[in-house]
Amino acid sequence: MQDASPDSLLSGNLATLLAFAVFFFVPMLFLVIGRDTGAFSRTWFLDPQECEAYWGVTKRGLVWFASAALAGTIVSLAASVLRML
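Right, let's walk through the structure included here. Just so it is clear, the model here is predicted, and its values are computed rather than measured.

Remarks on the overall build of the chain
Turning to step 1, where the next piece is worked out: Regarding its fold elements, the chain presents 2 helices and 0 strands.
Turning to step 2, where the next piece is worked out: Buried residues in the chain amount to 9% of all 85 residues.

Quick look at the structure:
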């Protein structure tokens, strides 16, 4: 294994963080949370309308995480199979 210098480790970590931000946070903001979702108040759980809107955003977020986990699993398995060939 190659010895990694601190500069290459830092640049690698920054590239990973940037990729994570681009491929996770940006779609999360635009696809899951959306533009039409207003800010929730501190007492969102007392207002039935706001509670329903909050639950809708939460369900979209859970679907987003589950689909990302499924896609990551499929890509990882496909990469493993290709490495074996």
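Now that the structure has been shown, the text picks up again.
Focus: a nonpolar patch on the surface
Turning to step 1, where the next piece is worked out: A surface patch of nonpolar side chains, amounting to about 520 Å² of accessible area, comprises Leu10, Leu14, Leu17, Phe20 and Phe25.
Turning to step 2, where the next piece is worked out: Counting through the fold element by element, Phe25 comes out in helix 1 (residues 6–33).
Turning to step 3, where the next piece is worked out: Overall, the relative accessible area of 44% leaves Phe25 in the partly exposed class.

Let's talk about helix 2 (residues 48–84)
In an α-helix there are 3.6 residues to a turn, and that puts residues three or four apart on one side.
Turning to step 1, where the next piece is worked out: The terminal C-alpha atoms of helix 2, which comprises 37 residues, lie 54 Å apart, in line with the 54 Å expected from a rise of 1.5 Å per residue.
Turning to step 2, where the next piece is worked out: Those residues of helix 2 not exposed but buried are Glu50, Val57, Gly61 and Trp64.

As for the environment of Phe65
Turning to step 1, where the next piece is worked out: Structurally, Phe65 can be placed in helix 2.
Turning to step 2, where the next piece is worked out: Its relative accessible area of 43% is what places Phe65 among the partly exposed residues.
Turning to step 3, where the next piece is worked out: Measuring from C-alpha to C-alpha, the distance between Phe65 and Phe24 comes to 9.7 Å, with 41 residues separating the pair along the chain.
Turning to step 4, where the next piece is worked out: If we skip the residues at most four places from it in the chain, Phe65 touches Phe24 and Met28.

Rules used in this analysis
Residues numbered from 1 in each chain as written. Predicted model: local features only at pLDDT ≥ 70, side-chain atom pairs only at ≥ 80, totals over all residues. Heavy atoms only, no water. Helix = DSSP H or I, 4+ residues; strand = E, 2+ residues; numbered from the N terminus. Buried < 20%, exposed > 50% of the residue type's maximum accessible area, 1.4 Å probe, protein only. Patch = residues over 30% accessible without salt bridge, like charges linked within 9 Å, V, L, I, M, F, W, Y side chains within 5 Å. Areas by Shrake-Rupley, 256 points an atom, 1.4 Å probe, with all protein chains shown as cover. Salt bridge = Lys/Arg side-chain N within 4 Å of Asp/Glu carboxyl O. Expected span 1.5 Å × (residues − 1). Contact = heavy atoms within 4.5 Å.

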